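If you want the building blocks of each chain, they are given just below.
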Amino acid sequence: MNMDSDNEKEEFKKKLDALKPKKKKLAVPEGFLESAKSYEGKVEAVKIISEREKDRVILIFKKMIAQGREDAIRIEREKEVARKADDARAAEEKKRKLEAEKNAKKSLFGRKK
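None of the values given here were measured: they were computed from a predicted structure.

Draft legend 1. The arrangement of the overall build of the protein chain in detail. Counting its regular elements, the protein chain contains four helices and zero strands. For the protein chain, the succession of helices and strands along the chain, N to C, is α-α-α-α. Every one of the 113 residues in the protein chain was classed for burial, and the buried ones make up 4%. Put simply, the protein chain shows about 11,100 Å² of open surface, and 59% of that area lies on carbon and sulfur atoms.

Given below as structure tokens:
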């Protein structure tokens, strides 16, 4: 019974692996970008790679844009939390000052004989 379930698991894993998309190798020779010496050569190499691998370049930019949006949302949330904390501190300080003024007035009026 145990061996049958192990065999079934192995077969299932093999089927899953067969269905997974295989990583496509870059259609550009290895070290193509590194062999470009000048800035212009590197720019030209990037142009050639991006022309040959348009879909991959598009996906990379989409991921970068999505990550940028997520970062912007996170930063705005952090700013809002900081703003609320600053407002709470300012309100607490104002409350302390008013309390101190009230206590000072009480002590001034209380000293009269």
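Draft legend 2. Main features of the pattern of salt bridges. Taken as a whole, this structure holds seven salt bridges when the rule is applied. Where Glu 78 meets Arg 74, a salt bridge forms, and the shortest distance between an N and an O atom there is 3.3 Å. One end of the pair, Glu 78, and the other, Arg 74, are both in helix H4 (residues 54-110), four residues apart, so they sit about a helical turn from each other. Residue classification places Arg 74 among the partly exposed residues on the basis of a relative accessible area of 40%. Here Arg 89 makes a salt bridge to Asp 86, at a shortest N to O gap of 2.3 Å. One end of the pair is Arg 89 and the other is Asp 86, both in helix H4 and three residues apart, which spans about a single turn. With relative accessibility at 41%, the residue Asp 86 sits in the partly exposed group. Linked by salt bridges that have partners in common, Asp 71, Arg 74 and Glu 78 make up one network.

Draft legend 3. Representation of a nonpolar patch on the surface. A grouping of Ile 60, Phe 61, Met 64 and Ile 65 is seen on the molecular surface, where their side chains present a nonpolar patch of about 410 Å² in accessible area. By the secondary structure assignment, Ile 65 is in helix H4. Here Ile 65 falls in the partly exposed class, since its relative accessible area comes to 47%.

Draft legend 4. A look at the confidence of the model for the protein chain. On average, residues of the protein chain carry a pLDDT of 83, and 83% of them reach 70 or more. For the protein chain, helix H2 (residues 32-35) is the element with the lowest average pLDDT, namely 73, and H4 is the one with the highest, namely 91.

About the criteria used
- Residues numbered from 1 in each chain as written.
- Predicted model: local features only at pLDDT ≥ 70, side-chain atom pairs only at ≥ 80, totals over all residues.
- Heavy atoms only, no water.
- Helix = DSSP H or I, 4+ residues; strand = E, 2+ residues; numbered from the N terminus.
- Buried < 20%, exposed > 50% of the residue type's maximum accessible area, 1.4 Å probe, protein only.
- Areas by Shrake-Rupley, 256 points an atom, 1.4 Å probe, with all protein chains shown as cover.
- Salt bridge = Lys/Arg side-chain N within 4 Å of Asp/Glu carboxyl O.
- Patch = residues over 30% accessible without salt bridge, like charges linked within 9 Å, V, L, I, M, F, W, Y side chains within 5 Å.
- pLDDT = per-residue confidence, 0-100.

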